[in-house]
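Examination of the molecular architecture
Each chain is listed here by its residues.
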Amino acid sequence: MYLDKQVKRLSYFLLIFSLLIIAYILLFISPALAITTQEAKTILTSEILKARINNLVPKEGLNTVDLSNLIIDLTDKNLELRDQFYQQVQTKFSRTSTPLVLDLSQSSIQGEFSIGKLGIQTPLAEGALSSVLTPLEQEKIKNSNSILLQPGEQIPSVTVWRGGLLLNQTEFIGIVDLANTLYLQKIIASEAIFRRDVNWSNSRFFSNTKFEQAKFAGIADFTHSYFYDNINWEGASFARLADFTGIECLKNANFSQVQWRDRVLFSKSRFLQSLTFNDATFEKTADFRDTRFNAPIDFQEANLFDQINFSDAIFTSEANLNVAGLAFESDSAKIIGQTGVIGKVISVPSLEGNETVLRNLVRNFRSLEQIPDANQIEYQREKLRLQQLGDRIIGTPWQRLWQFGWLAKVLHWLGLSLLLLLGDYGTNVSLVLGTGLIAIAYFSLLFWFVDRYRRRLPQPILPNRYETICMASSYSLFTLLGIIDIIQTTDRPWLTLACLAVVLLLVPAILLIRLYQQGRYHKLLDLTYFVEDGSMRQFRLMLGRLPIMPRFPFYRDRYEPILWDRRWNWLNYYDFSLNNLLKFGFNDIRLRDEHLPGIISALVWYQWSLGVLYIILLLWTLSRTIPGLNLLIYF
């Protein structure tokens, strides 16, 4: 009991001692550190300003006006210094014939900072520019098409900033006005802090621009600015609205790891080279409406808390949207884009690690009722799955070949390949219909040939010329239409046609060669193999129909041989092929059940089996592409 009391007292004592240490640190050490940091910066005076301007410091091969690590007071309370600051810096930079750099790194600038008072104010006209710029600087501006004025257009006035600008760890306490300016040299603002609104609108940046880990506490306005070289915003953060409406980036733009805590606007902009948002966080909406992308856009590992809008955006053939590792962090997180377009440009490099991303994207587009885009994402997912299966099959050690697991993977790979090549995994109705058209035409020609071309000797059993011309021309027409449809509707038409050729030609070719090798010597050789239900003529669905007539004698009175001697007889073979493949037709045409070569029966049953698989594929594809049916199946 006594020991417990001593332990409790010791605990209370340690707690009180810890609190006293924390209080001491907060009250004495922290302010001392802050004062030390503040004291490390020198307050800018007229004397210091004059000395720094007159004594240039070489940095990275360029003469630099070193105003770093200073407290620069540009408030209304310090009018004299403010006027001297702007006047002397402007004079120094406007009269030099060689590029200079203004270094404000690690300085604290109080009051409003305006580039218009530092640069050269001039009309944007060739004569005016030539009087204040060197030939090299003039050439740099002339190479910019966006600077050129249209005939009759009013000549605007701009600010020209001829030097470089170093703002590393610079702290801007007041409003920053850097708008309507031509920046001829590089701007480096790594870890800069902007505590109030910043205006860079209608500016032109001709060299590298870096805002790595910069912090924007107020509104950041970059509207209608042009960036002619690489820009880097990696690790920057925006606490309020970031407006990049109407900007144009001619080189790479890097926004990796940027924290967008409020809305960001990129609408009506142009990105001619790569645009990167790797590991960026979008806490509010991001707007890319009417924006043109000429190169890849990278959203790998980005975090979405709200919607990103790509409505009416233009993606060239070189542009794609890489969303590998993209995280939907809330229910309101969505990707919005033009139906039938946005799904085609979204991509991930591999299935591994991205299944959740693809699943979220499918759910995203289905919630927006953009069924084509949801299907496109699923098609891409299965293409990646096919690639993954192929890699696993190839990478299997030879000792495990022919085991059940390996064979199951091979069968899965074959089935998935057929679904992708013949129907884009149930997302392309037009492709499915195109393959069906070719199959119907092919089997119609095949059955016509088998039925009408029996022998040449001793008594020819051959079709007449008219029927041969009709059959050959119709087959050629339907096949050509099917091939055109496949070429127009799939991204891999030749693989699809090769797959279709294997399915349609391999087995029938083997059976057909065997049939004509052994010949036909059965009874009723001069009578057609096909019979039709003569009791009625009507368009009908025949989902449960089998291709051979029933054996019951009653049916023999109903089924009559098709009429060889009619000029329209060749249409019967198309009708029979329709019956087998699409399960509907105008007449119920079947094989006779007497004196029928087994090879012909095998050919018919082969097409009928393909027809079962085809109608399943067609109905499945329709159910995935028609919203009403889609809702019935998926919900």
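Above this text is the structure in question.
A brief look at the structure comes next. These numbers come from a predicted model, not from an experiment.

Attention shifts here to the nonpolar core. Grouped together as the largest cluster of nonpolar side chains are 90 residues, with contacts concentrated most on F85, F113, F244, F255, W260, F299 and F310. Sorting the residues of this core by element identifies helix 2 (46–54), strand 4 (70–73), helix 3 (79–95), strand 5 (100–103), strand 36 (308–310), helix 6 (342–345), helix 7 (355–367) and helix 8 (371–394) as the ones contributing at least two each. Not counting residues within four places of it along the chain, the set of residues in contact with F244 comprises F222, W233, F238, F255, W260, V264, L265, F266 and S269. Grouped together as the second largest cluster of nonpolar side chains are 47 residues, L446, F530, Y573 and Y614 included.

Right, let's get into the sheet that holds strand 39 (residues 327–328). Spatially, the eleven strands line up as an open sheet ordered 1-4-6-11-15-19-23-27-31-35-39, and their pairing is parallel. A strand with exactly one partner marks an edge of an open sheet, and here the two such strands are strand 1 (42–43) and strand 39. Examined bridge by bridge, strand 11 (residues 171–172) and strand 15 (residues 193–194) share two bridges and lie parallel to one another. Considered in strand 15, the bridge of F172 is made with F194.

Spatially, nine strands are ordered 8-9-13-17-21-25-29-33-37 in an open sheet, and the strand pairing comes out mixed. The two strands at the open ends of the sheet, each matched to only one other strand, are strand 8 (120–123) and strand 37 (314–315). In this structure, strand 9 (residues 157–161) lies alongside strand 13 (residues 181–183), joined through three bridges in parallel fashion. Bridge pairing in strand 13 links T159 to T181.

The next thing to look at is a nonpolar patch on the surface. A cluster of nonpolar side chains, W398, L401, W402 and L407, forms an exposed patch at the surface whose accessible area comes to about 500 Å². Look at W398 and you get exposed, because its relative accessible area is 67%.

Helix 3 packs onto helix 2 with a crossing angle of 5° between their chain directions and a minimal axis gap of 10 Å. One element, helix 2, and the other, helix 3, form an angle in the roughly parallel class. Of helix 3, the residues touching helix 2 (which contributes S46, L49, K50 and I53) are L81, Q84, F85, Q88, V89 and K92. Taken together, the residues of the contact of helix 2 with helix 3 sort by class into five nonpolar, three polar and two charged.

Take helix 10 (residues 429–452) next. Over its 24 residues, helix 10 runs 34 Å from end to end, which matches the ideal 34 Å to within 8%, given 1.5 Å per residue. Among the 24 residues in helix 10, 18 count as buried, and that is most of the element. At the N-terminal boundary of helix 10, the capping side chain belongs to N428, with an oxygen 3.3 Å from the backbone nitrogen of S430.

Conventions and cut-offs
- Residues numbered from 1 in each chain as written.
- Predicted model: local features only at pLDDT ≥ 70, side-chain atom pairs only at ≥ 80, totals over all residues.
- Heavy atoms only, no water.
- Core = buried A, V, L, I, M, F, W, Y, C linked by side-chain atoms within 4.5 Å.
- Buried < 20%, exposed > 50% of the residue type's maximum accessible area, 1.4 Å probe, protein only.
- Helix = DSSP H or I, 4+ residues; strand = E, 2+ residues; numbered from the N terminus.
- Contact = heavy atoms within 4.5 Å.
- Pairing = 2+ DSSP bridges.
- Patch = residues over 30% accessible without salt bridge, like charges linked within 9 Å, V, L, I, M, F, W, Y side chains within 5 Å.
- Areas by Shrake-Rupley, 256 points an atom, 1.4 Å probe, with all protein chains shown as cover.
- Salt bridge = Lys/Arg side-chain N within 4 Å of Asp/Glu carboxyl O.
- Axes fitted to C-alpha atoms, helices over the stretch in contact; angles between N-to-C directions.
- Parallel < 35°, antiparallel > 145°, perpendicular 65-115°, else oblique.
- Nonpolar A, V, L, I, M, F, W, Y, C, P; charged D, E, K, R; others polar.
- Expected span 1.5 Å × (residues − 1).
- Polar contact = N/O pair within 3.5 Å; in protein donor to acceptor, adjacent residues only side chain to side chain.

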